[in-house]
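# A structural walkthrough
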Amino acid sequence: MSSLPLFATSQNPALVGIARLAAEGESLREGHNVEYFTLPARSLLNRCTSNRNMPFTWTINPYRGCEFGCRYCYARYTHEFMEMRNSMEFEQKIYVKQHTAELLRHDLRKVKSGESIALGTATDPYQPAERRYEVTRGILEEFARHRGLELGIVTKSNLIVRDIDLLREISRSNKLSVHITVTTLDVELARILEPRAPRPDLRIDAVRQLSNAGITVGVSCSPVLPGITDSPADLEAVVRAAAGAGARHIFANSLFLKPCSAAVFLPFVEHYFPHLAENYRQRYQERSFLPPSYSKRISQLVRKFRQKYGIGRDDPRRESAFATKWPVQAFDEQLQLF
């Protein structure tokens, strides 16, 4: 199938802020090369300050670090705030935030009418730690006590179906949308891209169960990886499966690669896709994003498949979330990008 064109020692300064809190965290348990720590938190809601026109005002991440170990994960840089410079520690040292329900109850006073909240923007709220610590469920229990809020949840785990009862309760008095990430339907490819995430067919089944429960649910086909998951056939397969499972929306965005993420992803490409390695190195050498024209083409393709399979929208949190982000360019021009 053809793809779209690519284009601490005592002499160190004293730790402060989140780095100090992380260092003081109590180790909970260790297994499968992953260690869990408590993390005292002063606040749960974080105001989104991105310049990327995001469709939410506030973010919540119940955990710091994510055990799924997705090779492309852009959020590895968040461990740097805790003075952890080894990119692999993001998936090996997981911090469990404490007293989240009480913090959320207090923080929600800051949320104004019309401001939306996104749960799981940097780390997955349903990663393996959630089975034991149930921090996300506690947060949802607090949301269920409120009215008039706008909440979006992003995950690539079918564990979310555990909380269908709470999600239905929340949706009765609030605006709720769930976004299940599915980057590929190829199980073997998903296994190496997202080593400890649930299989893509399990995620699609989660979409079906949520849809059958009357919850607004869709698919995030993000990130799209040039030369790996970006062929029209691959993208159409994800949209077709999403539609068959009852997805109400689907959107996609191309790979965003910060330097700390590139330190993990580029060696991965060199090992599994050596013919793409040099192209990736050149395209991401001095930038985190691919050219706007590539992202535009991805949006055009996904829009076409949405229309073909009867999915009405890309993202219920805003109109044309990615469809109007970049200027239009013809497909023939894309061929010159790489």
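A brief look at the structure comes next. (Residues numbered from 1 in each chain as written. Predicted model: local features only at pLDDT ≥ 70, side-chain atom pairs only at ≥ 80, totals over all residues. Heavy atoms only, no water.)

## Some words on the overall build of the protein chain
Tallying secondary structure elements over the protein chain gives 13 helices and 11 strands in all. Counting every position in the protein chain, which comprises 338 residues, the buried fraction comes to 55%. Approximately 15,500 Å² of the protein chain is accessible, and the part contributed by carbon and sulfur atoms is 47%. (Helix = DSSP H or I, 4+ residues; strand = E, 2+ residues; numbered from the N terminus. Buried < 20%, exposed > 50% of the residue type's maximum accessible area, 1.4 Å probe, protein only. Areas by Shrake-Rupley, 256 points an atom, 1.4 Å probe, with all protein chains shown as cover.)

## Quick notes on the nonpolar core
Of all hydrophobic cores here, the largest spans 84 residues; its most connected members are Phe143, Phe265 and Tyr280. Contact partners of Phe265, with chain neighbours within four places excluded, come to Arg71, Tyr72, Leu225, Ile228, Leu255, Leu257 and Tyr280. (Core = buried A, V, L, I, M, F, W, Y, C linked by side-chain atoms within 4.5 Å. Contact = heavy atoms within 4.5 Å.)

## Focus: the sheet that holds strand β10 (residues 217-224)
Adjacent strands of a sheet form backbone hydrogen bonds with each other and so pair up, either parallel or antiparallel. Strand order in the open sheet formed by 7 strands is β3-β4-β7-β8-β9-β10-β11, and the pairing between neighbours is mixed. Both edges of this open sheet fall to β3 (46-47) and β11 (250-254), since each of them pairs with a single strand only. Bridging between strand β7 (residues 116-119) and strand β8 (residues 150-155) involves 4 bridges; their strand directions are parallel. Counted as the bridge partner of Ala118 is Gly152 from β8. (Pairing = 2+ DSSP bridges.)

## Considering helix α12 (residues 292-309)
Taking 1.5 Å per residue, 18 residues should reach 26 Å; α12 reaches 26 Å between its end C-alpha atoms and fits that length. A positive backbone phi angle near 80° is found at Gly310, which sits one or two residues after α12. (Expected span 1.5 Å × (residues − 1).)

## Focus: the packing of helix α10 (residues 259-272) against helix α11 (residues 274-283)
What describes two packed helices is the angle between their axes and the distance between those same axes. At a minimum axis separation of 6 Å, α10 and α11 run at an interaxial angle of 150°. Taken together, the axes of α10 and α11 lie roughly antiparallel to each other. When you trace α10 past α11, the crossing you get is left-handed. Along its contact with α10, which presents Phe265, Leu266, Val269, Glu270, His271 and Tyr272, the element α11 presents Pro274, Leu276, Ala277, Tyr280 and Arg281. The class makeup of the residues in the contact of α10 with α11 is 8 nonpolar, 1 polar and 2 charged. (Axes fitted to C-alpha atoms, helices over the stretch in contact; angles between N-to-C directions. Parallel < 35°, antiparallel > 145°, perpendicular 65-115°, else oblique. Left-handed = near helix turned anticlockwise from the far one by under 90°. Nonpolar A, V, L, I, M, F, W, Y, C, P; charged D, E, K, R; others polar.)

## Quick word on the packing of aromatic side chains
Under the definition given, this model contains 9 aromatic pairs. Where Tyr36 meets Tyr133, the ring centres are 5.8 Å apart and the plane angle is 55°; that geometry is what we call tilted. Note that Tyr36 is positioned in strand β2 (residues 34-39) and Tyr133 in helix α4 (residues 129-133), a separation of 97 residues in sequence. An angle of 10° between the planes, with centres 6.1 Å apart, marks the rings of Tyr280 and Tyr284 as stacked. A residue is classified by how much of its surface remains accessible, and Tyr280, at 2% relative accessible area, is buried. These aromatic residues form a ring-pair network of at least three members: Phe265, Phe268, Tyr272, Phe273, Tyr280 and Tyr284. (Phe/Tyr/Trp six-rings, centres within 6.5 Å; stacked < 30°, edge-to-face > 60°.)

## Digging into unusual backbone geometry
For the peptide bond that leads from Ser222 to Pro223, omega is -5°, which places it in the cis range. With respect to the helices and strands, the residue Pro223 is situated in strand β10. In this model, His99 sits at a positive phi of 55°, which is unusual for a non-glycine residue. Counting through the fold element by element, His99 comes out in the loop between β6 (93-97) and α3 (100-107). Look at His99 and you get exposed, because its relative accessible area is 58%. Non-glycine residue Glu134 carries a positive phi angle of around 55°. Positionally, Glu134 belongs in the loop between α4 and α5 (135-143).

## Considering the pattern of salt bridges
Should the charged atoms of two oppositely charged side chains come close, the side chains can pair. Following the criterion strictly, the structure yields 17 salt bridges and no others. A salt bridge links Asp107 to Lys110, with the shortest nitrogen-to-oxygen separation between them at 3.9 Å. Asp107 sits in the buried class, given a relative accessible area of 3%. One salt bridge in this structure joins Lys308 and Glu236, with 2.6 Å as the shortest N-O distance. Here Glu236 lies in helix α9 (residues 232-244) and Lys308 lies in helix α12, a separation of 72 residues in the sequence. You can call Lys308 exposed: its relative accessible area is 55%. (Salt bridge = Lys/Arg side-chain N within 4 Å of Asp/Glu carboxyl O.)

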